[in-house]
Amino acid sequence: MSSRPREVRASRLWTIEEAESLLSTLNGVLSARIVARPGGEVEEVHVLTTEAVAPKLTVRNVESALLAHFDLAMDHRKISVAQTSRAIPEATAWNVPPVSLVVEKEPARQLDRVLFKDQRIETENAHRIRVTVSIEWTGETYEGVAAGPNLPKGRLEATAGATLKAIEAAAEAARQVRDADAAPVVLALEGVKEVEAFERRFVLVSVHGMRGRTVVTLAGAAAVAANPEQSVVFATLEATDRWVRGTNH
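Just so you know, these numbers come straight off a predicted model, no measurement behind them.

**Q** Quick question: what am I supposed to make of the nonpolar core here?
**A** I135, L187 and V244 are the most contacted members of the largest nonpolar core, which has 34 residues in total. The residues contacting I135, other than those within four sequence positions of it, are V114, L115, K117, E140, T141, Y142, A166, I167, A170 and L237. Formed by 20 residues, the second largest nonpolar core is a distinct cluster that contains W14, L22, I34 and M74.

**Q** Could you clarify how one ought to interpret the environment of L66 in this entry?
**A** Note on placement: L66 falls in helix 2 (residues 55–70). Beyond its immediate stretch of four places on either side in the chain, L66 contacts A19, L23, D71, L72 and M74.

**Q** So what exactly am I meant to see when it comes to the packing of helix 1 (residues 16–24) against helix 2 here?
**A** For any two helices packed against each other, the geometry is given by the interaxial angle and the distance between the axes. Relative orientation of the contacting elements helix 1 and helix 2 amounts to 130 degrees, with a least axis distance of 10 Å. Classified by the interaxial angle, the pair formed by helix 1 and helix 2 is oblique. In this structure, helix 1 meets helix 2 at a crossing whose hand is right-handed. Residues E18, A19, L22 and L23 of helix 1 form the contact with helix 2, whose participating residues are V62, A65, L66, H69 and F70.

**Q** Got a minute to help me understand the sheet that holds strand 11 (residues 214–223) in this structure?
**A** The strands that make up a sheet pair up through hydrogen bonds in the backbone, lying either parallel or antiparallel. With antiparallel pairing, the three strands of this open sheet are ordered in space as 9-10-11. Two strands close off the open sheet at either side, each with one partner strand: strand 9 (185–197) and strand 11. Strand-to-strand twist in this sheet, taken as the mean axis angle between neighbours without regard to direction, amounts to 20 degrees. Note that strand 9 and strand 10 (residues 200–211) share twelve bridges and pair antiparallel. The residue bridging V185 from the neighbouring strand is R211, located in strand 10. Across the sheet, helix 3 (residues 152–178) lies against strand 9 and strand 10, angled at about 145 degrees from strand 9, the strand it touches most.

What counts, and where the lines are drawn
Residues numbered from 1 in each chain as written. Predicted model: local features only at pLDDT ≥ 70, side-chain atom pairs only at ≥ 80, totals over all residues. Heavy atoms only, no water. Core = buried A, V, L, I, M, F, W, Y, C linked by side-chain atoms within 4.5 Å. Buried < 20%, exposed > 50% of the residue type's maximum accessible area, 1.4 Å probe, protein only. Contact = heavy atoms within 4.5 Å. Helix = DSSP H or I, 4+ residues; strand = E, 2+ residues; numbered from the N terminus. Axes fitted to C-alpha atoms, helices over the stretch in contact; angles between N-to-C directions. Parallel < 35°, antiparallel > 145°, perpendicular 65-115°, else oblique. Left-handed = near helix turned anticlockwise from the far one by under 90°. Pairing = 2+ DSSP bridges.

This is the structure we're talking about:
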């Protein structure tokens, strides 16, 4: 079966099939599958490898290959690696039909996602805690610190507040480099709430984003895992990441 012809336009296009074919050529990779949303955004990358290459090295190879060939920056948390001691024929590795989805590349400046690095909670006294959240953006690390009452809701709100301060620090650094005369980004926490849906618990975070005269309401959600505070970090990043990157391009 011939592949679907590409549309020739000013911006370059690439297909999921091309990306999967590229990943299959990496050292130790037996097969690769990319899952994308209907709009074209890559959501997950799954690779099956031999035991000859360590999973962490495979993840770095996948990130480098996609960035170098398609200018696609992937969050390493979206890349999963499975290893096998047996060689699997390429035609039957995933047993799924080929995907002909065509994806248009975003501008490179929109691909620098804010990444979570670390989160620490320290007890200041019997009734208060201090939360430190570290993030990474464009290769640099930024920290935010917030304090709150040592209560379940207080811990979640302090974690969201520390995350917002770290994001503000990253946005300010970008502003100084790109346009020091532009208005700074200000993020204000509206609230954090745990809710139950689909027989699971989720954290919802609502944030007011302000820059100059522009005020927007941002929201993010994350499933609650073993560490609820870390789920708050993820929900806060989801709420703010795209908007902050958009105001600093």
